Amino acid sequence: VPAETSVTVDSKGVCSCPVGHIMSDLNATGQTPRGFVKTCILCPFTSYVDASDPYTCRPCPDDLMSRDPSSGVCVCKQGYVEDSSIVAENTPAVISLVGRHVCLDRAVVATLTVAYKVAQYAKFSFYDTLDAGGSRTQEVTVEQSAPFMTYFMEAAAKCSSARNEEACQTLANLCALQLHDEEAPSCKVLEKLTQMVLNKEVHGFKGWNEGFPWTQYTEQPRDILFSTGINRVVSLNGEGSVVAMTLSKYALNGTFLGFEALTTQLTLCRGDERLLASYQKFGSNVRRECTVDLKTLIAEPEEPVFYELWVEDPVDVTGETLPIPALWPVPVIVANYREGASSPNAFLAEDLAIDWNVGSQELDKIVLHRRFFLVDHVSGRKSKGTTPDRLDPKLEVVRWAKQVILRVSLQQDDPSTPFDESVRIFAPYVVIAYEQQQTSIIPEEEMGFGGEDESYRYAPISFRSQYTMQLDGYWAAMLILFILMIIVTIIDFGVKASVRTQSSAMDPVGLAADFFGSVAGVFFWSVWFFAAYWFFFFKLQSEPTTLMPLENPHHSYLILVILAMVCKVMHVILLVYRQCCIDIFFIDWEKEKAPEDGISKPKKGELPNVSVWRYILIANEWCEMQGNRHTDVDFTLMFVLLFLAGLKFENLATQQPNASDLTPGDPNMVVRFFVISMFYFLVVLIQVLYKAVTYRFEPSRP
C-alpha cells in the first residue's frame, strides 16, 4: 500500500481517502504539494482513522491490536479477542459503547463466558432502597450496569491470565461496589483466583494472598479486633495523643492513587478542617452530623475512589522506632453486607453503643473486610449501549455512606510481660452503613429548611469516633457499691422508723414518706458520686487510664436516676399530704388592754379587747416564714447560667479527656450532671456562707 496517494473526489465534490489513510495539506515528506491540493497519507498499521476526524491517525486502544486492511478498524491479533465485542455480544452498534476495547486471551475469555453471562455479571442489585413516601423497596435491579459492562470482562480475564495488578484491583473495586457479596461474579472470580495462591499469609495476615488485593479477613473476628500486634504507645499529650492513620487509594479502573494521611476523608461533611479532624485526638468521642446535596453527588464527574485504611505503627515491641514506616491494617465492618438473605453486620449500625469484650457472642456473627468507598454514583446507571439513542442513561439509584464509626479500644495490662500494655491500643476498626435511594424521588429544585421531602434531596450524614476500654472492673466495683447503697438505705430507714416509734408518730403515711425519702437521698448522692468519679478520673487524667462507656447515658446510670426521681416525687407528695392534714392553732398570750376608766369589767360572752389586725399580721408572718430560705433561687439560677453558658463551662462535659479544652461538642450526660450540680452547689454554698457571716457580725436589732 503506497504511503501517499491522491485524494478522491466524488460527484458531489466531497474528498475522501482510501482505508487507513488520513487527509492532509502536506505530503508524506512534510512539504506542501504543488497546487496546494490535499494528499492522502497512510497511517501506521497500529492506528486507525476515525470517520469523525479524517485528519488524525488514532492509535489502537491496545498494543495487541493492528488495523484491518479491508475494514480499517483495529482488531486483536490471533489468539485474542476484543472485550467490547464479548460484552456487546457481537452487536455492531453497541461494540463501540461498552468495554475498554482491549485484547484478552481468547481461551480465558471462553472460560469466563461459560461461567458468567453478561446478564449475570452486569446485573446490579440495590437492597432496601429508599423510595417515595419513605417506603423501602426490597430490591432494585439495574440491568447492564455501566461499570460492570466496562470493566468486569477485562479485569477478570487479565487477572486470571497474567495476574495483572490493576486488573485484580479493579475486580476488588467491583466487589466492593457490590458490598463484598460472595455471590457477586466479581467477588467469586477474585475468590477463586486467590485459592490458587500458595502464600496466603502476607505479613502473617490470613486472607491476604500474595499478588492479590486483600478484601476480606479469614481469621476469627475476635482474633483481629483484639489483636495486640500494635506496639505504638498512646498518650493525652504530645505526638502519641494523635491516632495517626493512612489511606491507600484506588481508582475504579484499578490504578493505585498512592497513600495519603487520614484527616476528614471518612465523612462527606465539610466545614472547619480542624474540628472535623479533632476525632484523631485520643479519647475524643466526637460526633459530626450534616446533610449532603444528592444532586451534587450525582453530578460529580469523577468515578468513585476506593480506600483501605491503615494505622501507623512506627515502633517495635520494645518501643524503639523502626527504620522504615510501618502500617497496621484496619478492618472494615460493612453493615449492609449480605450473606444470602441474612445481614450479619446490620446490628452494629442499629446499636451504635454496643460494646464487647473477647468473650462477646456478637463477635461470632460479624464479617470483616478491607476495601470501602463513600459514594457510588455509577453502579445505578445503565451502560450507553442499552438505550436506543446510545446516550448516557439516567442514574437510577445513588448510594452513599450514611453512617461511619471509627472505634479505637485501649488494651489491658498483662502482668506477665515487661511492657505496659495499658497504654497501647487494639486494632482500630471502622463500621460503615450505606444508604441507597432512587433518584426519581430527588426534588429538582433547591429547598429550604423544613421543606416537604427535604430529606430526599439533602441526605443526613453521620460520623462518630468512639474510644473505649474494658470496664469489667469498674462495673464490678459499681455492683458492690450498689449493694452498699441498699444497706445504707435500709439503715437510714430503720433509724427514722425507730425515731417514729419512740415519738409515737408511727402512722403509715409518715413511714412511707421516710422510706421514699431514704431511697431518694441515698440514690441521689450515689449518682452524684458516680458522676464525680467520671469527671475527675476522665477529664482530669494525665495518662490514658480511663475512657467513658459508649452508651450515653449508660442504662445503669439512668435506672438510678429514675429510681431517685420517682422516690423523691413520692416523698414530696406524701409530705404535702401530711401537711395538708395538720391543723395549726395560734395561741395569743397577749394580755387584754385595761378599760379606759380602769373599773369596768368585760361582760359575759364579750370578745377580748384585741385588734383583729393582730391576728391577720401574725398569720401573714407565719406564711412568709414558710417561704424563707437561706438562698435565693433566682440569684442561684442566674449565676449558674453565667458559669455554664456565659463562661462556656458547660463544655467541661464534652467527651474528650482534657478539662482545659472548652471546644463545643456533644456532652456526656453523666459528666454533664456533675458539672451542672457542681456549679449549683458552689453558688448555693457561697450564699450560705454569706448569710452565716452576715448573721454572725450583723448588729443586734433593738
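A. Structural detail: the overall build of the protein chain. Secondary structure assignment for the protein chain yields 18 helices and 26 strands. Taking 2.2 N^0.38 as the reference for a compact globule, 702 residues should give roughly 27 Å; the C-alpha atoms of the protein chain span a radius of gyration of 39 Å, well beyond that estimate. Seen through its principal axes, the protein chain has C-alpha atoms that stretch 160 × 70 × 45 Å. Across the 702 residues of the protein chain, 43% fall into the buried class. Of the contacts formed within the protein chain by residues at least 6 apart in sequence, a portion of 64% connects residues at least 24 apart. Working note: accessible area of the protein chain is about 38400 Å², and carbon and sulfur atoms make up 59% of it. Counting 58 positive and 83 negative side-chain charges, the protein chain places the averaged centre of each group 3 Å from the other.

B. Representation of the pairing of strand β19 (residues 305–312) in the model. The buried fraction of β19 is high, at 6 of 8 residues. Pairing of strand β16 (residues 245–251) with β19, which is carried by 7 bridges, proceeds in the antiparallel orientation. In the sheet register, alanine 251 faces β19, and the bridge partner there is valine 305. Pairing of β19 with strand β22 (residues 372–373) involves 2 bridges; the strand directions are antiparallel. Among the inter-strand pairings, phenylalanine 306 is bridged to a residue of β22, identified as phenylalanine 373.

C. View of the state of the cysteines. Counted according to the given criterion, the structure contains 7 disulfides. With its sulfur 2.0 Å from that of its partner, cysteine 43 forms a disulfide with cysteine 57. On the sign convention where negative is left-handed, the bridge of cysteine 43 and cysteine 57, at about -80° about the S-S bond, is left-handed. With a gap of 14 residues between them, cysteine 43 in the loop between β5 (39–42) and β6 (47–50) and cysteine 57 in strand β7 (residues 53–59) connect regions that are remote in the sequence. Bridging cysteine 269 to cysteine 290, the disulfide has an S-S length of 1.9 Å.

D. Broad picture of the pattern of salt bridges. Under the defined criterion, the tally for this structure stands at 21 salt bridges. Salt-bridge contacts for aspartate 666 lead to arginine 287; the nearest nitrogen and oxygen are separated by 2.7 Å. Of the two residues, aspartate 666 is situated in the loop between α17 (633–646) and α18 (669–697) and arginine 287 in strand β18 (residues 287–293); the sequence distance between them amounts to 379 residues. Relative accessible area serves as the criterion here: at 24%, aspartate 666 is assigned to the partly exposed category. By relative accessible area, arginine 287 is classed as partly exposed at 35%. The salt bridge partner of aspartate 293 is arginine 457, with a shortest N-O separation of 2.6 Å. Of the two residues, aspartate 293 is situated in strand β18 and arginine 457 in helix α12 (residues 454–457); the sequence distance between them amounts to 164 residues. By relative accessible area, aspartate 293 is classed as buried at 18%.

E. Looking closely at a nonpolar patch on the surface. Together, Leu479, Ile480, Leu481, Phe482, Ile483, Leu484, Ile486, Ile487, Ile490, Ile491, Val495 and Val499 make up an exposed nonpolar region whose accessible area comes to about 1100 Å². Within the secondary structure layout, valine 499 lies in helix α13 (residues 472–502).

F. Molecular detail of the side chain of arginine 338. Within the element layout of this structure, arginine 338 appears in the loop between β21 (332–334) and α11 (346–350). Of note is the side chain of arginine 338, whose polar atom sits 3.4 Å from the backbone oxygen of glycine 340. Setting aside residues up to four positions removed in sequence, arginine 338 forms contacts with Tyr127, Asp181 and Ser343.

G. The packing of aromatic side chains, seen in detail. Within the structure shown, the criterion is met by 40 aromatic pairs. Here tryptophan 208 and tryptophan 310 contribute two aromatic rings whose centre-to-centre distance is 5.9 Å and whose plane-to-plane angle is 50°, an arrangement assigned as tilted. Residue tryptophan 208 is located in the loop between β15 (205–206) and α8 (221–225), and its partner tryptophan 310 is located in strand β19; the two are separated by 102 residues in the primary sequence. By relative accessible area, which is 18% here, tryptophan 208 ends up buried. A residue is classified by how much of its surface remains accessible, and tryptophan 310, at 10% relative accessible area, is buried. Between the aromatic rings of tryptophan 528 and phenylalanine 674, the centroid separation amounts to 5.2 Å while the plane-to-plane angle is 50°, which identifies the pairing as tilted. Taken together, the positions of tryptophan 528 in helix α14 (residues 508–539) and phenylalanine 674 in helix α18 put the pair 146 residues apart, joining distant regions of the chain. This pair shows no difference in class: tryptophan 528 is buried, exactly as phenylalanine 674 is.

H. Just the sheet that holds strand β1 (residues 4–6), in detail. The antiparallel open sheet is built from 3 strands, whose spatial order is β1-β5-β4. Looking along the sheet, the strands with just one partner apiece sit at the ends: β1 and β4 (21–24). In this sheet, adjacent strand axes meet at a mean angle of 35° when their direction is disregarded.

I. Structural view of the nonpolar core. In terms of nonpolar packing, the biggest core is built from 148 residues, with Phe282, Trp356, Ile366 and Phe372 touching the most fellow members. The element best represented in this core is α14, accounting for 12 residues. Once residues within four sequence positions are removed from consideration, tryptophan 356 is found in contact with Leu225, Phe226, Phe347, Leu348, Glu362, Leu363, Ile366, Tyr429 and Gln470. Residues Met65, Cys74, Cys76 and Cys103 belong to the second largest nonpolar core, which totals 5 residues.

J. Region of interest: the side chain of arginine 67. By secondary structure assignment, the location of arginine 67 is in strand β8 (residues 65–67). Lacking a salt bridge, the buried arginine 67 has aspartate 68 as its closest oppositely charged neighbour, with an N-O distance of 8.5 Å. Engagement of the side chain of arginine 67 in a polar contact is seen with the backbone oxygen of cysteine 43, the distance being 3.1 Å.

K. A look at the environment of histidine 369. Mapped onto the elements of the fold, histidine 369 is located in the loop between α11 and β22. Other than its neighbours up to four places away in sequence, histidine 369 contacts His180, Thr215, Gln216, Tyr217, Pro331, Val332 and Tyr337. A polar side-chain atom of histidine 369 sits 3.4 Å from a polar atom in the side chain of glutamine 216.

L. Local environment of the packing of helix α6 (residues 165–177) against helix α7 (residues 185–194). Packing of α6 against α7 leaves a shortest axis separation of 8 Å and a crossing angle of 135°. When the axes of α6 and α7 are compared, the pair comes out oblique. The interaxial crossing formed by α6 with α7 has left-handed handedness. On α7, the residues touching Cys168, Leu171, Ala172, Leu174 and Cys175 of α6 are Ser186, Cys187, Val189 and Leu190. Split into classes, the residues belonging to the contact of α6 with α7 amount to 8 nonpolar, 1 polar and no charged.

M. Structural detail: unusual backbone geometry. A cis geometry characterises the amide bond from asparagine 552 onward to proline 553, with omega recorded as -5°. Position of proline 553 relative to the elements: it lies in the loop between α14 and α15 (555–580). Look at histidine 101: it is not a glycine, yet its phi comes out positive at around 60°. For histidine 101, the position within the fold is in the loop between α2 (92–95) and β11 (103–105). On the basis of relative accessible area, histidine 101 is assigned to the partly exposed category, the value being 21%.

N. Broad picture of the pairing of β7. Examined bridge by bridge, β6 and β7 share 4 bridges and lie antiparallel to one another. Bridged to tyrosine 48 within β7 is arginine 58.

The rules behind these values
Residues numbered from 1 in each chain as written. Predicted model: local features only at pLDDT ≥ 70, side-chain atom pairs only at ≥ 80, totals over all residues. Heavy atoms only, no water. Helix = DSSP H or I, 4+ residues; strand = E, 2+ residues; numbered from the N terminus. Rg over C-alpha atoms; globule rule 2.2 N^0.38 Å. Buried < 20%, exposed > 50% of the residue type's maximum accessible area, 1.4 Å probe, protein only. Contact = heavy atoms within 4.5 Å. Areas by Shrake-Rupley, 256 points an atom, 1.4 Å probe, with all protein chains shown as cover. Lys, Arg positive; Asp, Glu negative; His and termini not counted. Charge placed at Lys NZ, Arg CZ, Asp CG, Glu CD. Pairing = 2+ DSSP bridges. Disulfide = S-S within 2.5 Å. Salt bridge = Lys/Arg side-chain N within 4 Å of Asp/Glu carboxyl O. Patch = residues over 30% accessible without salt bridge, like charges linked within 9 Å, V, L, I, M, F, W, Y side chains within 5 Å. Polar contact = N/O pair within 3.5 Å; in protein donor to acceptor, adjacent residues only side chain to side chain. Phe/Tyr/Trp six-rings, centres within 6.5 Å; stacked < 30°, edge-to-face > 60°. Axes fitted to C-alpha atoms, helices over the stretch in contact; angles between N-to-C directions. Core = buried A, V, L, I, M, F, W, Y, C linked by side-chain atoms within 4.5 Å. Parallel < 35°, antiparallel > 145°, perpendicular 65-115°, else oblique. Left-handed = near helix turned anticlockwise from the far one by under 90°. Nonpolar A, V, L, I, M, F, W, Y, C, P; charged D, E, K, R; others polar.

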